[in-house]
Amino acid sequence: MTIDKVINFSWERDVNHERRCVPGSRSTRAGQHGGPMNADVGSAMAEDTPVAFIRTGRRETAPPSESVVPVMPALRPPTAPANFHVLAKPSGPICNLDCQYCFFLEKEALYPGDRFRMSDEVLDAYVRQLLEAHADPEVTVAWQGGEPTLMGVEFFRRALDACERHRRPDQRLIHTIQTNGTLLTDEFCRLFVEHGFLVGISIDGPRELHDAYRVDKKGNPTFDKVIRGLSLLKAHHVDWNVLCTVHAANENHPLEVYRFFRDEMGARYIQLIPIVERDKAAGEAAVTDRTVSSACWGNFLEAVFDEWVRRDVGTVFVSQFDAALASWAGVSPALCIFNETCGNALALEHNGDLYSCDHFVEPPYLLGNITKTHMVELVASPAQRAFGNAKRDTLPAQCRSCDVRFACHGECPKNRFIMTADGESGLNYLCQGYLEFFRHIDGPMRLMAGLLHQGRYADEVMGLFASAGRNEPCPCGSGLKAKQCHQKPVAV
């Protein structure tokens, strides 16, 4: 799960030290854009996802350094979004780890014989075009992989220099990087804190759960190396968050995982990404044994939510809960997977190839190369706009009539490969889990959204639950007594 921007309903203190709740934004993916997310952190299977269009996927070779590079069109394309998100992969799919569920390591086959190192020419073109293409003053410069720290500190110094050369006076840059944390050094951390980086750390829970699949090239566990990297970030006061994938090894341990992040690591921003790996050799709807089950994914979210809504609202931010609160409050969620359409979260390969999405780095979704065509033209292209609209236009009838469609919108198209009850294709593999989760949180979400609309604070929901009489109806509106609902003891 990639660094995406998600809505946080922030509890801040103003200059008078008075609390106020403001809908804010914080870069928290290291992805998914929905999250966003590191090559070692996303759900698998990008190919053969049903969409309503195809492309030739013609690869363009980067020109030599003396070639003329594309310039910003004199007239901005009318279909270009004011802002968008690009996950740049300076080392392509290359990583020092060998996480068993990683869907991006196989992308090496797309570039046979390649060194997988972003050249300074491509780096400069990327930064310049990204900043030129943004009409909004706030721009996120996001790095992902593979493992981006393999490029070394000096690469990122050159990247920051390019940002300063090409930044307009009115632009504010947000620097983010998603890493497995094992190669972090004091020098990296000094650079991160100097330039205000947000660093996403990939970790799947306590030692035994993390090491189940997150191993190095020799199959050795990596937990201790990740914790060492996190300790460096903390020592240098670098802003960081957690990206956790949920899979067969940790799907039945939601509270153990959540409490480890909150209590032992001190995490305050958490992204949860479901691992979904297709096993097409076993059938179109088959998945690997590492894949989280749909029911367990829903149960995982419910268990974490029930703990969070009673004690952590406003102090711990979980990407799915932020997005849900936005939907219940009538605000478009920043996680692309829960929006009606997508297409504004793209992936840039080390050689300048721009793809429709991090989860669709496949020849049919290659938009072009930024050394041949300016990024803004590729983002605004009919092919990319069609890609984004297909998220809405290919929804099966079962989804279109669903009572939680407003919060789900079919989630990510990459996971839409099972049949509906009526035999229509294109249902999301995680549908059962999401349906149960969104219905489960409806009452508390209505309460929090109502508080926000009254100009109050969403964290007041915790007091409402705590102060209700045990034999009184639960404030969530479930119809149950409080002692049977949101005052029911939480599992240890």
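None of the values given here were measured: they were computed from a predicted structure.

Draft legend 1. The sheet that holds strand S11 (residues 345–348), seen in detail. Spatially, 10 strands are ordered S10-S9-S8-S7-S6-S5-S4-S11-S12-S13 in an open sheet, and the strand pairing comes out mixed. Each of the sheet's edge strands pairs with one partner strand only, and the pair in question is strand S10 (317–318) and strand S13 (366–369). In terms of strand pairing, strand S8 (residues 239–246) meets strand S9 (residues 269–274) through 5 bridges, oriented parallel. If you follow Leu243 over to S9, its bridge partner there is Gln271. Strands S8, S9 and S10 of the sheet are contacted by helix H6 (residues 254–265), whose axis makes an angle of about 160° with S8.

Draft legend 2. Focus on the packing of aromatic side chains. The tally for this structure, following the rule as stated, stands at 28 aromatic pairs. With centroids separated by 6.2 Å and ring planes inclined at 65°, the aromatic side chains of Phe156 and Phe188 adopt a geometry described as edge-to-face. Here Phe156, found in helix H2 (residues 153–166), pairs with Phe188, found in helix H3 (residues 186–194); they are 32 residues apart in sequence, far enough to count as distant. Residue Phe156 is classed as buried on the basis of its relative accessible area of 0%. Assessed through its relative accessible area of 4%, Phe188 is described here as buried.

Draft legend 3. A look at the packing of helix H14 (residues 442–453) against helix H15 (residues 460–467). Here H14 crosses H15 at 125°, and the two axes come no closer than 9 Å. By the angle between their directions, the pair H14 and H15 is classed as oblique. Every pair of crossing elements has a handedness; the one defined by H14 and H15 is right-handed. Residues Pro444, Leu447, Met448 and Leu451 of H14 lie in contact with H15, whose contacting residues are Glu460, Val461, Leu464 and Phe465. Taken together, the residues that form the contact of H14 with H15 break down as 7 nonpolar, no polar and 1 charged.

The rules we used
Residues numbered from 1 in each chain as written. Predicted model: local features only at pLDDT ≥ 70, side-chain atom pairs only at ≥ 80, totals over all residues. Heavy atoms only, no water. Pairing = 2+ DSSP bridges. Helix = DSSP H or I, 4+ residues; strand = E, 2+ residues; numbered from the N terminus. Contact = heavy atoms within 4.5 Å. Axes fitted to C-alpha atoms, helices over the stretch in contact; angles between N-to-C directions. Phe/Tyr/Trp six-rings, centres within 6.5 Å; stacked < 30°, edge-to-face > 60°. Buried < 20%, exposed > 50% of the residue type's maximum accessible area, 1.4 Å probe, protein only. Parallel < 35°, antiparallel > 145°, perpendicular 65-115°, else oblique. Left-handed = near helix turned anticlockwise from the far one by under 90°. Nonpolar A, V, L, I, M, F, W, Y, C, P; charged D, E, K, R; others polar.

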